[in-house]
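Structural description and commentary
Letter by letter, the chains look like this.
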Amino acid sequence: MNKVILMGRLTRDPEVRYTQGDNQMAIARYTLAVDRRFNRNGDENTADFISCVAFGKSGEFAERYLRKGTKIAVTGRIQTGSYTNKDGVKVYTTDVVVEDQEFAESKNSNNNGGGFEGNYGNNGQSAAPMAAGDGFMNIPDGIDEELPFN
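Keep in mind it's a predicted model, so treat the numbers as computed, not measured. Residue numbers restart at each chain and count upward from 1, following the sequence in its written direction. The predicted origin of the model limits local features to residues at a pLDDT of at least 70 and limits the giving and counting of side-chain atom pairs to 80 or more, whereas totals for whole chains, interfaces and linings rest on all residues. With hydrogens and water stripped out, all remaining heavy atoms of the structure feed into the side-chain values.

**Let's talk about the pattern of salt bridges**
Salt bridge, as used here, is a side-chain nitrogen of Lys or Arg placed within 4 Å of a carboxyl oxygen of Asp or Glu. Scanning the entire structure with this criterion turns up five salt bridges. With a shortest N-O distance of 3.3 Å, E15 and R17 are connected by a salt bridge. The residue D48 makes a salt bridge to R36 at a minimum N-O spacing of 2.6 Å. Here D48 is found in strand β4 (residues 47–55), whereas its partner R36 is found in the loop between β3 (26–35) and β4, with twelve residues between them in sequence. Only protein chains enter the accessibility calculation, which uses a 1.4 Å probe. A residue is then buried if its area is under 20% of the maximum for its type, exposed if over 50%, and partly exposed in between. Relative accessible area serves as the criterion here: at 29%, D48 is assigned to the partly exposed category. Put simply, DSSP H or I for four residues or longer makes a helix, DSSP E for two residues or longer makes a strand, and each gets a number counted from the N terminus.

Below, the structure written as structure tokens:
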């Protein structure tokens with residue numbers, strides 16, 4: 001089985017091109033910076049930079065909504081390939097072909113200006129109580145004694 005699940009942030013805005021002909025199709029390419037859960041040095045944060053490609057409606061979605069810094073979750077499959085560059089050197093490629101992509105944080109928690117610009121799910125109403133900057137709801141003072149996981 002060839003199945004990949006990734007969560008990370010876009011390193012730049014997606015690069016989108018359209019195929020030629022009557023049935024044009026969007027092809028979006030972007031790179032995800034995916035943090036490593038564990039690292040050998042213990043103190044340095046490291047990330048892997050994963051090339052992703054989204055076709056059709058997924059490519060159009062990427063073009064419309066995804067921006068540098070947006071945190072997304074992607075599912076797809078790994079695809080390898082190769083080509084010979086203009087210098088005659090064979091180049092090997094590895095991409096994740098996106099099957100599904102979704103936002104992994106709210107618009108408000110991404111303060112760098114990128115990310116989701118719509119408001120779905122609350123019928124335009126603001127949610128209460130307000131979420132903290134990390135996307136979790138604040139717990140009022142004095143209620144922590146009732147929580148089962150102190």
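Now that the structure has been shown, we can carry on.
**Quick notes on the packing of aromatic side chains**
Ring geometry is summarised as follows: Phe, Tyr and Trp rings, the Trp one being its six-membered ring, pair when their centres sit within 6.5 Å, and such pairs are stacked at plane angles under 30 degrees, edge-to-face over 60 and tilted between the two. Enumeration over the complete set of coordinates arrives at two aromatic pairs. Plain terms: the ring middles of F61 and Y65 are 5.0 Å apart, the flat faces sit at 50° to each other, and that makes the pair tilted. Pair noted here: F61 and Y65 are both in helix α1 (residues 57–65), with a separation of four residues, about one helical turn. Judged by its relative accessible area of 24%, F61 falls in the partly exposed class. Aromatic side chains F61 and F103 sit 5.7 Å apart centroid to centroid with 55° between the ring planes, which places their arrangement in the tilted category. With F61 in helix α1 and F103 in strand β6 (residues 90–103), the pair connects residues that are 42 residues apart, well separated along the chain. Since its relative accessible area comes to 22%, F103 is described here as partly exposed. Taken together, F61, Y65 and F103 form an aromatic cluster joined through their ring pairs.

**Describing the side chain of T31**
Along the chain, T31 falls in strand β3. Distance and chemistry together define a polar contact, namely a pair of N or O atoms within 3.5 Å, with one atom able to donate a hydrogen and the other to accept it when in protein, and with adjacent residues in sequence counting only for side-chain atoms on both sides. Within the structure, T31 has its side chain in polar contact with the side chain of R12 (distance 3.4 Å). Between two residues, a contact is recorded if the distance between any of their heavy atoms is within 4.5 Å. Once you skip the residues sitting within four places of it in the chain, T31 turns out to touch R9, L10, T11, R12, F49, I50 and S51.

These figures come from the coordinates and say nothing about function on their own.
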